[in-house]
Amino acid sequence: MTGLARALVNPPIDRRVWSSGDRSHLEVRGVHRVGNAAAAQEVERRLGALDGVVAVELNAVLGRVAVDHDSAQISSAPRY
């Protein structure tokens, strides 16, 4: 199981994850800091390379990444 799939199905307790249909949002930390642009790009690249991921949008200021995914391949996180 991929890390994204694990995070969507069983999110870490200290990281917020929420979903609606084929779109999931994951909290990411530290990408807003000066000098972390490469880290933000790497997060987008790695998530985008996963099977079932259609699109990735990282908002460094908000510390969130939105992932559009094929729900047939990746199930969404439970709602909390």
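Further up the page is the structure itself.
Overview of the structure.

Reading the values: the criteria
Residues numbered from 1 in each chain as written. Predicted model: local features only at pLDDT ≥ 70, side-chain atom pairs only at ≥ 80, totals over all residues. Heavy atoms only, no water. Pairing = 2+ DSSP bridges. Helix = DSSP H or I, 4+ residues; strand = E, 2+ residues; numbered from the N terminus. Core = buried A, V, L, I, M, F, W, Y, C linked by side-chain atoms within 4.5 Å. Buried < 20%, exposed > 50% of the residue type's maximum accessible area, 1.4 Å probe, protein only. Contact = heavy atoms within 4.5 Å.

What about the pairing of strand β3 (residues 53-59)?
Strand direction decides the pairing type here: β3 and strand β4 (residues 64-69), joined by 6 bridges, are antiparallel. By the bridge assignment for β4, Ala 55 is matched with Asp 68. A loop of 4 residues connects β3 with β4, the two strands running antiparallel in sequence, and Gly 63 in this loop sits at a positive phi of about 70°.

Digging into the nonpolar core
Within the largest apolar cluster, 12 residues are counted, these being Val 17, Leu 26, Val 28, Val 31, Ala 40, Leu 47, Val 53, Val 56, Leu 58, Val 65, Val 67 and Ile 74. Contributing elements (two or more residues each) for this core: α2 (37-48), β3 and β4. In terms of residues, this core owes the most to one element, β3, which gives 3 residues. When sequence neighbours within four positions are dropped, the list of residues in contact with Ala 40 reads Val 31 and Leu 58.

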